[in-house]
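# Coordinate analysis (summary)
Take a look at the letters that make up each chain.
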Amino acid sequence: VWLPGKGLHGQFWMYYTQRRATLPNPNGVDWVHGSAIGIATSDDGLHWSYNGTCQGSLQDGNETKSLENPVQANATWWAPTVFWQRGNGISGGGQPGDSLHMFVTYVHGIFTNWTGDRTIEHFTSTDGLHWTHISSLPLASRRVIDPTVYKINDTWYLWYKNEAAGSRTFHASSKDLTTWHDDGDADIGRGHEAPFVWQWKGFYWDLQDNGRALDAWRSPTGLADWSFNTLLLEPKPAGTRTLDQGTGHHPWIVMQSPDATTPLTDDNAQLLLFYFTQKGRESWIQLAQITLDPTTNKLICDRNKYAPTA
């Protein structure tokens, strides 16, 4: 997310699941739990510096669950989506008086297998670092993860993975980002992780991580009539950049105009796809470009387009 007031001329801040990849003697998947939400910052979107973790907490019954000390609090935080209230969910906003919103998965404990209650929690912030808990969303089950939010007309929509329903995409809606109504199954294909929805070239698009590739879907409204478009970031052909081998996971799109003074349009937008690859317990953030084939209307992601040739 772009934060205009940071650094000399504004900065990109990346929020991510800070897994415990170096945990000695892990037991099952406990190293994927007890995770904080890490922050990396960049002036140009290419060179990044670590900037600590999100600060804040929520009250779960009689217990305080800390964002910055999840192991001590017996809590796990996964897969945040962060955006400005005066934007559309992935871009815009950030002028004085605006506030940041974070919707993040809260796993109610630290587990050695894939179990435990999982809810989506809403936080707000004015500085991007310190967060205030607003509410726990009333969604279709208590096995929900990986939220993404986008505004369509005057309504905010949240898509998420419902593990209690075959890991399918469900969605919810809100007029004010505070009061939410669960709208059930979004009817977007098979089971998955990490849906990501945005608008471009006259359509709404959704990328979903099916574990072996990213499923790309397209809809005229963003709310119905989703049709399969293509697969992106399959294991083969592998990427040639450092550690960009295997499947690309958990997508996030940044749309940018050619320069700081040119308004963003469908015609001039460059679509940048952030994703991660995995080697053992280590995760590596990667960056590639998405384009549209004008003949087939299918998305294209050449992960080697900007790779060094020597």
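Quantities reported herein were computed from a predicted structural model and do not represent experimental measurements. (Residues numbered from 1 in each chain as written. Predicted model: local features only at pLDDT ≥ 70, side-chain atom pairs only at ≥ 80, totals over all residues. Heavy atoms only, no water.)

## Some thoughts on empty space enclosed by the protein
- Evaluated as defined, the whole model comprises 1 cavity of 30 Å³ or more.
- Put simply, the largest cavity is a space of about 40 Å³.
- Surrounding the largest cavity, Val 1, Val 82, Phe 83, Trp 84, Gly 87, Asn 88, Gly 89, Ile 90, Ser 91, Gly 92 and Trp 252 form its lining.
- By residue number, the principal contributor to the lining of the largest cavity is strand β7 (residues 76–84), which donates 3 residues.
- Residues of the lining of the largest cavity, tallied by class, amount to 6 nonpolar, 5 polar and no charged. (1 Å grid on protein atoms, 1.4 Å probe; cavity = no way out; pocket = protein on both sides within 12 Å on 5 of 7 lines; lining within 4 Å. Points joined across faces, edges and corners; volume = space filled by probe spheres on them. Helix = DSSP H or I, 4+ residues; strand = E, 2+ residues; numbered from the N terminus. Nonpolar A, V, L, I, M, F, W, Y, C, P; charged D, E, K, R; others polar.)

## Description of the sheet that holds strand β2 (residues 11–18)
- The 4 strands lie next to each other as β1-β2-β3-β4, forming an open sheet whose pairing is antiparallel. Strand pairing shows two members of the sheet lacking a second neighbour, β1 (2–3) and β4 (49–53), which therefore form its edges.
- Relative to strand β3 (residues 36–42), β2 is paired through 7 bridges, and the arrangement is antiparallel. Paired with Trp 13 across the two strands is Thr 41, which belongs to β3. (Pairing = 2+ DSSP bridges.)

## What about the layout of surface pockets?
- As a volume, the second largest pocket reaches approximately 680 Å³.
- Along the wall of the second largest pocket there are 22 residues; nearest its centre are Trp 2, Phe 12, Met 255, Gln 256 and Ser 257.
- Sort the elements by how many residues they give to the lining of the second largest pocket and strand β19 (residues 249–256) lands first, with 4 residues.
- Across the lining of the second largest pocket, the residue classes tally to 12 nonpolar, 7 polar and 3 charged.

## Things to note about the environment of His 249
- One can find His 249 in strand β19.
- The exposure class assigned to His 249 is buried, which follows from its relative accessible area of 17%.
- The spacing of His 249 and Lys 201 is 48 residues in sequence and 24 Å in space, taken between C-alpha atoms.
- In this structure the side chain of His 249 is engaged in a polar contact, spanning 3.0 Å, whose partner is the side chain of Asp 209. (Buried < 20%, exposed > 50% of the residue type's maximum accessible area, 1.4 Å probe, protein only. Polar contact = N/O pair within 3.5 Å; in protein donor to acceptor, adjacent residues only side chain to side chain.)

## Overview of the pairing of strand β9 (residues 118–125)
- Within β9, 8 of the 8 residues are buried, leaving the element largely enclosed by the surrounding structure.
- Burial of the side chains of β9 extends over both faces: Arg 118, Ile 120, His 122 and Thr 124 are buried on one face and Thr 119, Glu 121, Phe 123 and Ser 125 on the other.
- Here strand β8 (residues 100–107) pairs with β9 via 8 bridges, running antiparallel. When the bridges of β9 are listed, Leu 100 appears paired with Ser 125.
- Strand direction decides the pairing type here: β9 and strand β10 (residues 130–136), joined by 4 bridges, are antiparallel. Residue pairing across strands places His 122 opposite Ser 135, the latter belonging to β10.
- Between the end of β9 and the start of β10, which pair antiparallel, lie 4 residues, with Gly 128 showing a positive phi angle near 85 degrees.

## Describing the nonpolar core
- Trp 198, Leu 207, Ile 253, Leu 273, Ile 290 and Leu 299 are the most contacted members of the largest nonpolar core, which totals 30 residues.
- Counting residues per element, this core draws most heavily on strand β15 (residues 193–200), at 4 residues.
- Ile 290 has contacts with Trp 200, Leu 207, Leu 232, Ile 253, Leu 271, Leu 273, Leu 299, Ile 300 and Cys 301, leaving out every residue within four places of it along the chain.
- One finds Val 1, Ile 37, Phe 123 and Trp 131 within the second-largest nonpolar core, a separate group that totals 20 residues. (Core = buried A, V, L, I, M, F, W, Y, C linked by side-chain atoms within 4.5 Å. Contact = heavy atoms within 4.5 Å.)

## A word on the pairing of strand β11 (residues 144–152)
- With 8 of 9 residues buried, β11 is to be regarded as a mostly interior element.
- Bridge analysis of β11 against strand β12 (residues 155–162) gives 7 bridges, and the strand direction is antiparallel. Counterpart to Ile 152 in the pairing with β12 is Thr 155.
- The antiparallel pairing of β11 with β12 creates a hairpin that spans 2 residues between the two strands, and Asn 153 there sits at a positive phi of about 55 degrees.

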